[in-house]
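# Fold and contact review
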Amino acid sequence: PERTYTYSLDNSSADYFAENLRLVEGAYEFDLHTPEGIIKSLRLNYPGKVNIENSVIAMAVALQSGVSAEELHCSIREFEGVVRRFDARFKFDNCVYIDDYAHHPKELEAVISSVKELYPDR
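Reference entry: report on the structure contained in this document. These numbers were taken from a predicted model, which means no experiment stands behind them.

Taking strand neighbours across the sheet as the criterion, the 4 strands line up as 1-2-3-4 in an open arrangement whose pairing is mixed. Looking at the sheet topology across the chains shown, the edges are occupied by strand 1 (7-8) and strand 4 (37-44). With 6 bridges joining them, strand 3 (residues 27-34) and strand 4 adopt antiparallel strand pairing. By the bridge assignment for strand 4, F30 is matched with L42. Helix-sheet contacts for helix 2 (residues 69-78) involve strand 3 and strand 4, and the interaxial angle to strand 4 is about 20 degrees.

A few words on the pairing of strand 3. Burial within strand 3 is extensive, with 7 of its 8 residues counted as buried. As paired elements, strand 2 (residues 16-24) and strand 3 share 6 bridges and run antiparallel to each other. Within the sheet, the bridge partner assigned to R22 lies in strand 3 and is E29. Connecting strand 2 to the next strand, strand 3, in antiparallel fashion are 2 residues, including E25 with a positive phi near 50 degrees. In this antiparallel pair of consecutive strands, strand 3 and strand 4, the connection spans 2 residues.

Looking now at the nonpolar core. If you look at the biggest cluster of nonpolar residues, it comprises 22 residues, and the most contacted ones within it are F30, L42, I52 and M59. Mapped by element, the contributors of at least two residues to this core are strand 2, strand 3, strand 4, helix 1 (49-64), helix 2 and helix 3 (105-118). Looking at this core element by element, the count peaks at 5 residues for helix 1. Sequence-distant contacts of I52, that is, excluding residues within four places in its chain, are made with L9, A18, L21, Y28, F30 and L44.

Thresholds, definitions, all that
Residues numbered from 1 in each chain as written. Predicted model: local features only at pLDDT ≥ 70, side-chain atom pairs only at ≥ 80, totals over all residues. Heavy atoms only, no water. Pairing = 2+ DSSP bridges. Helix = DSSP H or I, 4+ residues; strand = E, 2+ residues; numbered from the N terminus. Contact = heavy atoms within 4.5 Å. Axes fitted to C-alpha atoms, helices over the stretch in contact; angles between N-to-C directions. Buried < 20%, exposed > 50% of the residue type's maximum accessible area, 1.4 Å probe, protein only. Core = buried A, V, L, I, M, F, W, Y, C linked by side-chain atoms within 4.5 Å.

See below:
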């Protein structure tokens, strides 16, 4: 029988989840907890906690498909994101313009929360 795996942003009861989530120089760094162990110090240069959660499931599928931890480190660091999903068009000292097509209330809540976390003084 096939096994079912679970994932979460940070729920330690899931098979795959992020832990030690930290914001470092505008990027998220975290450790990925997997059924086989922990992959340390992954860096996602694409902002927003929803994108951390999306990366957790993408990495879980990749690992289940035979991708190595080293390949994950390279791939996630180089990921540039998706057009119009937390797409920072302009960044100045006093202003940031972010284009995001979020339209569902929960999506809007996630985007606004991420913006406040990344740019607390703006």
